[in-house]
Amino acid sequence: MRTRHLATALAASLLAALTACGTTPEPDRPAATTTAAPTSSAPADTEAAAQACTDAVYAAVQDAKTADDLTRPPECADMSEDEYLDTVLAVVQQSNKTGQDDLRKAIEDAASAATPSP
């Protein structure tokens with residue numbers, strides 16, 4: 001239970017940081033990041049299911065205004081709670097990194113536009 005609260009609080013703070021940056025989400029979705037090892041009988045199915053969950057979480061994170069708005073997508077129903085929270089954390093971290101990169105680029109572009117050319 002403590003892990004869930006910690007992950008939820010971390011996800012909320014990262015989501016708040018992303019929202020505060022006012023970024024536009026990239027069209028590319030982050031890669032699936034789960035701790036589950038694929039089974040030898042159906043690794044493609046497991047990877048596809050993990051990617052479907054990651055894509056659904058990405059969409060949910062982009063739509064959520066707060067961490068309380070984030071609900072577990074049906075695509076993630078077969079994941080354990082820890083795997084699901086790891087996926088949420090990875091998606092929020094990737095979204096946050098993308099937002100930071102976009103902000104850094106905007107600052108660099110504004111600085112170069114403000115600098116007079118010789």
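Counting of residues starts from 1 at the beginning of each chain's written sequence and follows it residue by residue. Side-chain atom pairs in this predicted model are given and counted only at pLDDT of 80 or more, local residue features only at pLDDT of at least 70, and totals for whole chains, interfaces and linings cover all residues. The side-chain values count all of the structure's non-hydrogen atoms but skip hydrogen atoms and water molecules.

Caption draft 1: Looking closely at the overall build of the protein. Note on conventions: DSSP H or I runs of at least 4 residues are helices, E runs of at least 2 residues are strands, and numbering of each starts at the N terminus. Helices and strands together make up the secondary structure of the protein, namely 3 helices and 0 strands. Starting at the N terminus and walking to the C terminus, you meet the elements of the protein as α-α-α. With 118 residues in all, the protein has 25% of them scored as buried. Taking contacts inside the protein between residues at least 6 apart in sequence as the whole, the part at least 24 apart equals 67%. As displayed, the protein offers around 7700 Å² of accessible surface, 56% of which is attributable to carbon and sulfur atoms. Whether a residue is buried, partly exposed or exposed follows from its accessible area with a 1.4 Å probe, protein chains only, as a fraction of its type maximum: under 20%, in between, or over 50%, in that order. Only heavy atoms enter the contact rule, under which two residues are in contact if any of them lie within 4.5 Å. Only the protein chains shown count as covering a residue, and every accessible area follows the Shrake-Rupley method with a 1.4 Å probe.

Caption draft 2: Inspection of the nonpolar core at higher detail. To qualify as a nonpolar core, a set must consist of buried Ala, Val, Leu, Ile, Met, Phe, Trp, Tyr and Cys residues joined through side-chain atoms within 4.5 Å. Core analysis: the largest hydrophobic core is formed by 11 residues, namely C53, V57, Y58, V61, C76, M79, Y84, L85, V88, V91 and V92. If you list the elements that add at least two residues to this core, you get α2 (43–63) and α3 (81–114).

Caption draft 3: Layout of the pattern of salt bridges. Any Lys or Arg side-chain nitrogen found within 4 Å of a carboxyl oxygen on Asp or Glu counts as a salt bridge. Summed over all chains, the structure comprises 4 salt bridges. Residue D101 pairs with K97 through a salt bridge whose shortest N-O separation is 2.8 Å. Here D101 and its partner K97 are both found in helix α3, 4 residues apart, which amounts to about one turn of the helix. We classify K97 as partly exposed; its relative accessible area is 43%. The salt bridge partner of D109 is K105, with a shortest N-O separation of 3.1 Å. A residue pair is termed a helical-turn pair when its members lie 3 or 4 positions apart in one helix, as D109 and K105 do in helix α3 at 4 residues. In this structure, a network of salt bridges that share partners links the residues K97, D101 and R104.

Caption draft 4: Inspection of the confidence of the model for the protein at higher detail. Residue-level confidence of the predictor, termed pLDDT, takes values from 0 up to 100. Per-residue confidence for the protein averages 75 on the pLDDT scale, and 63% of its residues sit at or above 70. Averaged pLDDT values for the elements of the protein fall to 47 in helix α1 (residues 2–21) and rise to 94 in α3. Across residues 1–7 the pLDDT falls below 50, and counting only partners more than four positions away or on other chains, this stretch makes 4 contacts in the model. With pLDDT under 50 throughout, residues 13–27 is counted as low confidence; its partners more than four residues away or in other chains account for 24 contacts.

Caption draft 5: Main features of α3. Here, expected helix span is obtained from the residue count minus one, scaled by 1.5 Å. Here α3 spans 49 Å end to end across 34 residues, near enough to the 50 Å set by a 1.5 Å rise per residue. Among all positions of α3, only E83, Y84, L85, T87, V88, A90, V91, V92, S95, N96, T98 and G99 are buried.

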